[in-house]
Structures are given as structure tokens and as C-alpha cells.
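Listed here are the chains, written in short residue letters.
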Amino acid sequence: MQPPAVLPSSIVVPDIILRISSYLWYYCQNAVNAIPGSHFVVDYVKRSHQHDPYRTIVEVFLIIYGIVYFLRKPRKQGFQDGPKLSNKEVEALLDEWQPEPLANDASKVEWRTQKIAVVQSSTSSSHVDVVRDDGKERFTSVLNCSSYNFLQLSAEPSVAKVAKDTVRRYGVGACGPAGFYGNQDVHTHLEYDLARFFGTENAVLYGQDFCIAASVIPAFTKRGDVIVADNRCSVAIQNALQLSRSTVYYFEHNDMEALEELLQQLQERELKDSLPVLPRKFIVTEGLFHNLGDIPPLPKLVELKHRYKYRLLVDETFSLGVLGSTGRGITEYFNMPRKESVDITVGSLATALGSSGGFALGDNVMSLHQRIGSHAYTFSASLPSFAVTTASEVLKLLEKDRTTVERLHIISQKLHNFFVGDKELKSYIDILSDKDSSVLHLTLKEDIRNEFFGYTEDSLFDEMSAMHNKYLSEKYVENYEVEEKFLQQIVDIALVEFGVLISRNTFVLKHETLPITPGLKICCGAKMNDQELSLVCESVKTAILKTLKV
Amino acid sequence: MSSIANLKVPLVEFPEQSVEDKKANEFGPLTSKEYLYEMKSRNGEPLQELILDTPPYYVVVITYLNYLILLILGHIHDFLGLTFQKDRHQDIMEKDGLAPWFSKFESFYVRRLKLRIDDCFSRPTAGVPGRFISCIDRIAHNLNSFYTYPGTSTMCLNLSSYNYLGFAQSEGLCTSSALDSIDKYGVCAGGPRTQLGTSELHISTEKLVAEFVGKEDAMVFSQGYGSNANFFNSILDPKCLVISDELNHTSIRTGVRLSGATVKAFKHNNMEVLEKLIKDQIVNGQPKTHRPWKKILICVEGLFSMEGTMCNLPKLVELKKKYKCYLYVDEAHSIGAIGPNGRGVCDYFGISPSNLDIMMGTFTKSFGAAGGYIAADKSIIDRLRCDLTTTNYGESVPAAVLAQTCTSLRIITGELNPGEGLERLQRIAFNSRYLRLALKRLGFIVYGIADSPVVPMLLYAPSKMPAFSRMMLQRKIAVVVVAYPATPLIESRVRFCVSAALTKEDIDYLLRHVNEVGEKLFLKVSSGKTARWDIEDVIKHTPVDCKDDRFFAN
């Protein structure tokens, strides 16, 4: 067989190589021809080579590159080839690494735990027995101004009876998440009751109030969505915003002009960017602020929300059962229909309604998606059934008679009026909360704070932000701690000398990413009588003055 | 025959029944001493790697094909719907300048796949979720878009609730202590723990829990999800690393995400990959800056609720000590249900709890209550009491739940009603082993370890899920079916949650029906290294055989 005439005869090639390659070539051709339809490919290659020989070269090169690329070991993305470490060096590094302790030393903050009042009786009644500091301090029948159970309806015998009947029928736990046989008939009925009472299409029950916002908001938001939030929101909402993956903007607390300006700016930016998909946009605020006790101007918020096409989420943990003439929350307070004004309402069963757990109110579509996408709902066991029937019963009582809510309003207003109107206290303290808030928030005046403790709200926030940006494990501000201890002294005097149990507004600096105001809280209960009320006023006043003059 | 009224779930009237019947319906009486098994401690011996049975190739192909058909039909449905039936698809379209709650793409899986089998989920129930569960009957209309309720309910054998030790009861010690606590402490707790939310009962429960799990101190919370979701941000920050099992529960993931810590996942239970990862991370440190990590926390679950597998604790403790990492174990499903004394994974492996840094668990499952706990050394808990968001801002646990928890704990330890706790522990151990071995012998593919009370049985094709669930409901058995995204795409499964409340005869009933349905649906696809057994032989021999570990080896 003649060797193929591809090389000029002047180049000497060993005969054996020519022979092997020509045989290989021959068998390859045979093999290719044996494949049915292969002549099309061969013809095509021949023709393309005739038209443009360079193309063949490029293509052969591409094929080789493809094979090399395919066979090469995959390199991890973002992995940088540092200098190779020897085994000994690796061992040394492993040996050298020392972790920080899992939790910081508790000694500096431990006084807080010692000051926690441990209850020995029902917290729903006006008087409670408490002990502190591992039973070293005992107080019997002190006036209860610390309970969040403002309406005190769950202390009614009829409610306790319902709870006990439920335990006798359903046991305690529901033993499963809602999706897997954990939702009982009573759960669904409480959802109907809540939706009807607050005037929305649907309600979704949750096992714990603190988790709700942090579960509902991330269920609907993704990267690129926009959230505009009040800059004094509670930690529950701060957590939610952190989990939301969205772009978050803050507006000055309850400042509607600032909000409008911000919304206007965002709208202009959106028009300029001409996004391919319309982002979801939310305004997030609270019905009655957890940290301050004041009320946002809902009518203006609703107007802005409609004008700029936002959805409104209101965390009504402290306002449901409190605001409005029948306790239907902030919408009733401003005489607005809930359905049209607020898109998502987050509420708690553990505050005024005197049970446990929480819920989110809204329309049917939103609720349906919550039942699938909201983690605290789908991945958590249902509420115990007795908590559910208790809440249903309290709602029934609220619907039947409005005197409890009215009574609560009178008490909160009287308390508010006393502290706002008191001339002696005027130069020392500020009242932050609204007159209708059932939690009265007292704080030291800014100049007093500066004089006594050498810091202001702004400087505290700056210090906190600086620590936050450095990711310090221990976030401790000495001056703030001194004020906290000072406030605790006021609480102690009220408790020890007058038998009135009020509380500090507890913050955890580690988790607060927004400005905070240290202060005291006095919680009202609907069952408080006038005598008790004046005792509270006088004792807190005396305690404050006494502590300040020391 | 549908009127507006019965579009709502009815409140179920409770049937008149004697106290004995009620008790037996909630917790089946033990039929023979033969049907008890004492779980053995492993005395520090690590687990062998589980060999998972794989189905024949045609099953995999059919499963993918099944999804393909569903996806294609779904997209055609969407196209036609969005073109011709705009009014019925309002919720995924822009309206009045507002973006839809969920976009068409995000909700595709839910609208076009899950909705078809929605009748298998969220079945409303009533009464105690004990040995039997009363399911409220409902009729699905228009491809599950709405239901009507005829007002009746059906008692079903309960293989769905996490009632491992059978403490979901409305008679007995737990119930009476819960009732007493309502009298004394009221129905609700007064606020966060730092503000009137702490009662004596909280303190004593915490002591009891700490003692039970073998740690110095503990904290209790009102929700299991919440205990995890709001825990990590108090001990971790963005300069810390979390090494997490890929199958960890969402609550852990949410919690870690909230803390901002970097997360690296490792393949489920693969200790070699874990060791390599830890070494790599300590040597290389934080990404970009290469500064060393502040802390490294290994997060695992004691018993994985979808797989029935357990963490390899002896190996984890060894690694943790070697590389100075911290170890966090979520015992949501294992506490109470696992170990010779019901004290969870440490008890099971015979390892001292002092080797674990943080132990978390829930009271929802084995104890028939609600909420969760976190146990650790006293110095850590002391600090966490001041730092955690839940204790400072969230609600506290109501007294009745604590009373239920306390009493059930005391029964398990034998402090109350000696013997009862032990019987419950031995019954769940027997029931789990019996059901698991019997299913294996019948030819089903079952995941997990021998002693796990969670018995996942593989169904594969998504269309077999509703078929299985509905057929079981017809036979008055309540089961849970799970699919993607809770499991890998092709591994749809049914999850039997075994309970101490079930009798051996209940499991026989279950087995006969699973066998029959399994034949009809071609579910017996195990690789068949051992010959498939006849159902009568299984029921005859398995109760004895299941006490021997030899038969569980693949």
C-alpha cells in the first residue's frame, strides 16, 4: 500500500511510522464510512475545507481546547491559590487557633437577672406575690403594673373554665405543625373569629408573637424589593427587615413629611432605572410603638401608601385590644376600615387578649401564601388548643361588652394626665407615650441624662453603631449601664416601699440597631380602681424624686 | 349540596364515651409484655455509615417523567390561564400598580403541583392527637381550590403526630397538673421573661429540664421554632463560622442567617467531609481577610425528622475536641424518644452531655406540650438570659404547658408513677423496630436507623403521594406524605411517626393495609437482597426478630 502523499518526499520519515499511520487512516475511514449517514458529514467537512482551509484549523483547535477544558480539574470559584502549606504548618495553624468563649462573661450584666420578679400567683390579677434574687426578697400582694395582660379578661372565671374544658378534651399540645394534622377545629375557628372581629378576610395563627413579623415579611420579599420602615421600630421588626433580603430605608419616627420625601425620591429613582419587574414595596410601622408607646398617623400613612403604590404592614402587638372604642386597634382609633387601609396586620394573643401566640391578619390571597411560605407557620407546631379557645372566649367577651376597653382607656388617660401635669416632675422626666397607650413610657429628660450620666440618646446610638460596625462580641456601654441601674433603683423603691411593681424598659444593646431611649414602663390593667391608680401615681413620683435627689 | 355554611370547618361535637374508652383511644393499653424492647446504649461506639437502598432505574426514570409531565401541563395551564382566564389569575398579576404577592414563577410549584395534592395536607382534626386522631371529613372541589364540610369526622389510626411517648392525653396525671396550674397561675404568662413573665413554675421546669438532659442550667421558650430562630444571634456574629449539616431544620438556618455568621454546609452525616472542612476553615480563616474565625460552631440535629437518621455523636465529639470547635445539637425529635432512659442522643450513644456545648430540644414532640428549651453550662445560660431576644421581648410560656412538661418529665424519670415512664420508653422502642423491620421485609425502601421512631418509607413518583395518602385515609389511617422541597426532588416519601400509644395490633392493622396499598401502587422496590416476605409471616415472626440487631443489617 502506498503511503498517503501528504508529505514531500524530501522529508525522511521512517517507513514504519508511515506504514502504521496509513493503516490507521485506512481503518478510520472504513470505520467512519460504516456509520450510516456518515458520508454527509464527510462531504460537509471536505466542502468546508475546500471553501476555507483556515476554518478547519480554527475548528480543530477549538475541538482540542474543548477536550483539554473538559478534562481539566475543576477549580473552585473564588478560591485563591495561596502558597501551599506543608503538613507541619497546617498542624501548627490548627494548634495555634484559639476560639473566643461561646458566651461573654455574665458578671457585668448579671444584676438584671437578680432583679427579675418571679411570680407566685396568676399574672392576670391586679395583685401578685413575687420573689426576687432567688427568693431572698419576698413581696406579697403587690400592685401589678408590669403585666401585658391589659384587659385582664382571661382572669374571668368563664375564660378559665373554657381553658380547662379544652384541656379535658384536647390535651395540652397539638403535637404537629399545621400542615400535618396539627390544626384542629378550634384553631380554624379562632382564625374565623379574629378575621371577623378585626374586619379582614383571613387570619393566620402563629405559635409565638415575637417570630411573626420576622416570618411574614421574609415570606413575601426578595432581593430588589423595597421596604420603608420607621426608625424606632422594635427588635421584632428589625429582625424581620434583616431577614427580608430587600433594600431597607428608614424614615424619621412618625415624620410624614420625611416619609413623603423619601417615597418621592424612591419613585423618581425607580422611573429612572426602569426596572424589568415591578418590585414589591412595603411601608412598615407599629400600631403602638413597643419602645415609645406613641401612635403613628395612620390616615396620612394610608394616603401615602395609596399614592405611591406601597403596601402597609402594621405591627399591632400592643394596640389590638387597646386602641379604638371597642379594642379593634389603630384602624378603629382613626375610624378607618382595616380591610382597605392596612395590608398586613401583625397581632399578639399574648398581650391584651391574654392568651398566648399571635396572628397575622390580611386578605385571602396573602394568607394563603403565608400558609405555604411563612417559616414560623409551616415549620412550627400549632398553638396549644387551650390557648386558642381562651382567645376565642376573650374575643367573645370583648364583642359583648365594651366597658372593659373603656375602663382601660380611662385608667391610661388618668395615669398619663397625672404624669404630664405634675409640676414637680416636669423638669426631670418626659412622657413618651400617647395618652391612649396602656403602657406609660417615662424617661429622664435629655439634660438630666447628660448631667447625671454624661451621655445623650444620640451619643448612645453613635456608640452602639460603632460597636455594631466592628462586630464586637461584647457590646457594653458603661454610662448606659449606670442609668439602667439608676432606673432599677426607682423600680426598687416603688416595690419595696409602696408595693407597686413597675418595670424598666428592657433593651438588649446587642440586638438594637436603631436608636433607643432608656426608660420606665407602667402597665395599666382594666381592673385597677381609682385608689390603686393614685397609689401608683404617688409612689412612682416619690420614687423618682427620691432617687434623683440622692 | 353545598351551602355557604359548610364552607367552614365545623366544630366537632364530642361523642359520648366512657372514661375507659376515652383512655384507650388516646393511649392503647399494652397487650403483652412481649411487645416491649429496652433500647441499648451504644457505650460511645460511633455509627457505621448507613447503606441506603436505591430503587431500580425504571423507578427513577418514571419519577422524573412524572415531574416532566406535571411541569409541561402546568406551563400550558399557566399560558392558557393567563391568556384567556385573566380574572382567575388576578393574584399573580400586577394590580393597581402593586406587584403581586407572589410572582408567577415563584408560585408555580405551589399553584400547579402542590395544589393538585393539597387535600393530603392540612387536614383539620379535633380532639386529642393520641393513638387515634379524629379527622374532620371534607370534600375537595375544583381541583382542591375549595372544600366543603359535611360536618362529620372519622377516627383514624394516628401515624402522623409527633406524639412519640404518647403524652398527648386528656386523662391522667399530666392533664390534672395542667388543670391545677391554670387555677393557680392563670391561662397566660404576663409578658416577657424579664418582665413578669417568670413564675416559680418556669424556674422549677428549667431545673428539671437541666437535670434531665444532664446540663448545669436550661431555659424554656414558648415555641420550638422560636428558640432556634432567635438563639444564634446572641452568640454569633459575622466573624463566626457555622458548620451545618445540609439537612438541618429551617429554624436553625433562619437563626444562623439572623446572626449574620458565615455558613458552610457539609454532606449529611459525612464525618470525613466535615473534618476536612473544619481543617480547611481554621487554616484559611475568614474569606477575603483571612483573619482567623472568632468561633466555629458545628450544628447538627440529634434525629433528622425527614430521614430517620441520627448524628454520629461520638465522631462529632472527637472532632469538636480535636479542633476546639463548639457543638450544638438540636434534639427536637430525639429528646424523650431515643435512648434507654429517653434522654436523647447522649443517652443513646453513652456519651456524657458535658461534651456538648449547647443542647436544644422541644416539648412539642415527646412530652405532648409545646415550646422548646436550650440547655448549657451555667455561665453560658446566665449570660444568655440577659442577651436573648426571646426572653427580653417575646412572650413567656403559659403555666399549663409547663405543668404538662414537668409532669411528663417526672413520669419518664420514674419520679411519678414508677414504671409508667419505662413502659412508654420500651413500647416506642419496640413499635419503631417492629414497624421498620416489617416494612423492610415486605419489600419497601425504608430510611433511617433501627431505633428511630420516625420511619420514612420511600414512594418516589410524586403522583404516588396523593394516591397513598388518600388510600390510607380510606382505610382510616392518618399518614404524612412529604416531597420536595423538604426532601430531594425524586425522594418523595411517607413518614410514619411511631408512638408509644399504639399497640402491636394497631401496627399489624397498619402493616396489612400498607402491604395491600403498596402492592397496588408498586411501592415494593427494594433491591431484594433478601427475599420478600408474605404479610402473615412478617406479622408472625417480626415481633421477635425485631429485638435482634442482626436483622437490621442490610
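Residues numbered from 1 in each chain as written. Chains lettered and ligands numbered in written order. Predicted model: local features only at pLDDT ≥ 70, side-chain atom pairs only at ≥ 80, totals over all residues. Heavy atoms only, no water.

**What about the overall build of chain B?**
Check the secondary structure of chain B and you find 17 helices and 17 strands. Its C-alpha atoms give chain B a radius of gyration of 24 Å, near enough to 24 Å, the size a compact globule of 554 residues would have. Summarising its shape, the C-alpha atoms of chain B cover approximately 65 × 60 × 55 Å along the three principal directions. Across the 554 residues that make up chain B, the buried fraction comes to 64%. Intrachain contacts of chain B at a sequence separation of at least 6 include 73% that bridge at least 24 residues. Here chain B contributes 64 positively and 60 negatively charged side chains, and the mean placements of these two sets differ by 5 Å. (Helix = DSSP H or I, 4+ residues; strand = E, 2+ residues; numbered from the N terminus. Rg over C-alpha atoms; globule rule 2.2 N^0.38 Å. Buried < 20%, exposed > 50% of the residue type's maximum accessible area, 1.4 Å probe, protein only. Contact = heavy atoms within 4.5 Å. Lys, Arg positive; Asp, Glu negative; His and termini not counted. Charge placed at Lys NZ, Arg CZ, Asp CG, Glu CD.)

**Thoughts on the domain arrangement of chain B**
All names here are of chain B. Under the domain assignment, chain B is made up of domain 1 (23-55 + 122-158 + 423-551) and domain 2 (199-397). Spacing between the C-alpha centres of domain 1 and domain 2 amounts to 29 Å. Across the boundary between the two partners, domain 1 contributes 24 residues, which contact 22 residues of domain 2. For the pair domain 1 and domain 2, the two sides together bury roughly 2,000 Å², of which 62% comes from carbon and sulfur. The largest per-residue losses of area from domain 1 upon contact with domain 2 belong to Met39, Leu47 and Leu425, which jointly make up 25% of the total buried on that side. Counting the contacts that link domain 1 with domain 2 gives 1 salt bridge. The shortest N-O distance in the salt bridge between Arg493 and Glu307 comes to 3.0 Å. Counting across the domain 1 and domain 2 interface gives 11 residue pairs in polar contact (both at pLDDT 80 or more). (Domains from an automatic or database assignment. Buried area = accessible area lost by both parts, 1.4 Å probe. Salt bridge = Lys/Arg side-chain N within 4 Å of Asp/Glu carboxyl O. Polar contact = N/O pair within 3.5 Å; in protein donor to acceptor, adjacent residues only side chain to side chain.)

**Digging into the domain arrangement of chain A**
Residues and elements named next belong to chain A. Domain boundaries assigned for chain A yield domain 1 (106-144 + 403-548) and domain 2 (157-400). Between the C-alpha centres of domain 1 and domain 2 there is a distance of 27 Å. Between domain 1 and domain 2, the contact holds 21 residues from the first and 24 residues from the second. Roughly 1,700 Å² is buried in total at the junction of domain 1 and domain 2, and carbon and sulfur atoms are behind 52% of that figure.

**A short note on the UniProt feature "transmembrane region" (unreviewed entry) in chain B**
Mapped onto this numbering, the UniProt entry gives "transmembrane region" (unreviewed entry) at residues 57-76 of chain B. In residues 57-76 of chain B, helix accounts for 100% and strand for 0%; the two terminal C-alpha atoms are 29 Å from one another. (UniProt positions renumbered as here; feature names shortened; annotations may be inferred.)

**Some details on the UniProt feature "domain: Aminotransferase class I/classII large" (unreviewed entry) in chain B**
The UniProt feature table records "domain: Aminotransferase class I/classII large" (unreviewed entry) at residues 156-513 of chain B. Between the C-alpha atoms that bound residues 156-513 of chain B the distance is 13 Å, and the span itself is 41% helix and 16% strand.

**A short note on the sheet that holds strand E14 (residues 454-460) of chain B**
Remark on secondary structure: sheet strands pair via backbone hydrogen bonds, oriented parallel or antiparallel. Residues and elements named next belong to chain B. Across the sheet, 3 strands lie side by side as E14-E17-E16; this open sheet has antiparallel pairing. The open sheet has two free edges, formed respectively by E14 and strand E16 (480-482), since each of these has just one partner strand. Looking at each pair of strands side by side, their axes are set apart by 30° on average, direction ignored. Both E14 and strand E17 (residues 492-497) contribute to a ladder of 6 bridges, which runs antiparallel. Paired with Tyr460 across the strands is Ser492, a residue of E17. (Pairing = 2+ DSSP bridges. Axes fitted to C-alpha atoms, helices over the stretch in contact; angles between N-to-C directions.)

**Points about a nonpolar patch on the surface**
Residues and elements named next belong to chain B. A cluster of nonpolar side chains, contributed by Val61, Leu65, Leu68, Ile69, Ile72, Leu73, Ile76, Phe79, Leu80 and Phe84, occupies part of the molecular surface with about 1,000 Å² of accessible area. Tracing the backbone shows Leu73 in helix H2 (residues 57-84). Judged by its relative accessible area of 42%, Leu73 is partly exposed. (Patch = residues over 30% accessible without salt bridge, like charges linked within 9 Å, V, L, I, M, F, W, Y side chains within 5 Å. Areas by Shrake-Rupley, 256 points an atom, 1.4 Å probe, with all protein chains shown as cover.)

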